[in-house]
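One-letter residues, chain by chain:
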Amino acid sequence: MRPLFLALTLSGTVLAACSTPASAPALASQDRLTGPNGMTLYTFDRDVAHSGKSVCNGPCATNWPPLLAQESDQARSGYTVITRDDGRKQWAYQGKPLYFWIKDAQPGDITGNGVNNLWRTARP
């Protein structure tokens, strides 16, 4: 009985590991990228692509919260992880850091697109 229990336990563990692949940090929804919460993501024209930096810090990041990554997150499928000035990790897509807009109230809102002619809806 004991070897059967061990085999079932191990096979369940292997199946669980196989059924939870690393997913992308953002989803393609219609013609834009959205965060795990369904909210629209944006890019900032002043961020230099592939620089590994965000120039939206302090009050800017209050209005444009970054799409944060976990310390253990790794680059995948066009997404990279950058380190912000405050030490937190942030997701970038095609080298551009990703942000939410504080004034978007519900999934599907795109009120941040074109703000100050510097913010753009992130596109897949």
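Reading the values: the criteria
- Residues numbered from 1 in each chain as written.
- Predicted model: local features only at pLDDT ≥ 70, side-chain atom pairs only at ≥ 80, totals over all residues.
- Heavy atoms only, no water.
- Core = buried A, V, L, I, M, F, W, Y, C linked by side-chain atoms within 4.5 Å.
- Buried < 20%, exposed > 50% of the residue type's maximum accessible area, 1.4 Å probe, protein only.
- Contact = heavy atoms within 4.5 Å.
- Phe/Tyr/Trp six-rings, centres within 6.5 Å; stacked < 30°, edge-to-face > 60°.
- Helix = DSSP H or I, 4+ residues; strand = E, 2+ residues; numbered from the N terminus.
- Salt bridge = Lys/Arg side-chain N within 4 Å of Asp/Glu carboxyl O.
- pLDDT = per-residue confidence, 0-100.

Novice: Would you mind going over the nonpolar core in detail, with residue names and values included?
Specialist: If you look at the biggest cluster of nonpolar residues, it comprises 12 residues: Ala26, Leu33, Met39, Leu41, Leu67, Ala69, Tyr79, Trp91, Tyr93, Leu98, Phe100 and Ala122. Beyond its immediate chain neighbours, meaning those up to four positions away, Ala69 contacts Val81, Lys89, Gln90 and Trp91.

Novice: Outline the packing of aromatic side chains, listing residues and values.
Specialist: Using the criterion set out here, one finds seven aromatic pairs in the structure. Centroid distance Trp64 to Trp119: 3.7 Å. Interplanar angle 5 degrees. Geometry classified as stacked. Of the two residues, Trp64 sits in the loop between α2 (59-63) and β4 (68-69) while Trp119 sits in strand β8 (residues 119-121), which places them 55 residues apart along the sequence. The class for Trp64 is buried, based on a relative accessible area of 4%. Exposure remark for Trp119: the relative accessible area of 3% places this residue in the buried category. Between Tyr79 and Trp91, the ring centres sit 6.3 Å apart and the planes meet at 85 degrees, which makes this aromatic pair edge-to-face. Within this pair, whereas Tyr79 is found in strand β5 (residues 79-83), its partner Trp91 is found in strand β6 (residues 89-93), the two being separated by 12 residues in sequence.

Novice: Pulling in residues and values, what's your account of the pattern of salt bridges?
Specialist: Two side chains with opposite charge may pair up if their charged atoms get near one another. A complete count under the given rule lists five salt bridges for this structure. With a shortest N-O distance of 3.4 Å, Arg32 and Asp31 are connected by a salt bridge. Judged by relative accessible area, which is 9%, Arg32 ranks as buried. Asp31 gets classed as partly exposed once you look at its relative accessible area, which sits at 39%. Asp31 serves as the salt-bridge partner of Arg123, at 2.9 Å between the closest nitrogen and oxygen.

Novice: Any chance you could break down the confidence of the model for the protein chain for me, citing the residues and the numbers?
Specialist: On average, residues of the protein chain score 86 in pLDDT, and 82% of them reach the 70 mark or higher. Scored below 50 in pLDDT, residues 1-21 makes zero contacts in the model with residues more than four places away or belonging to other chains.

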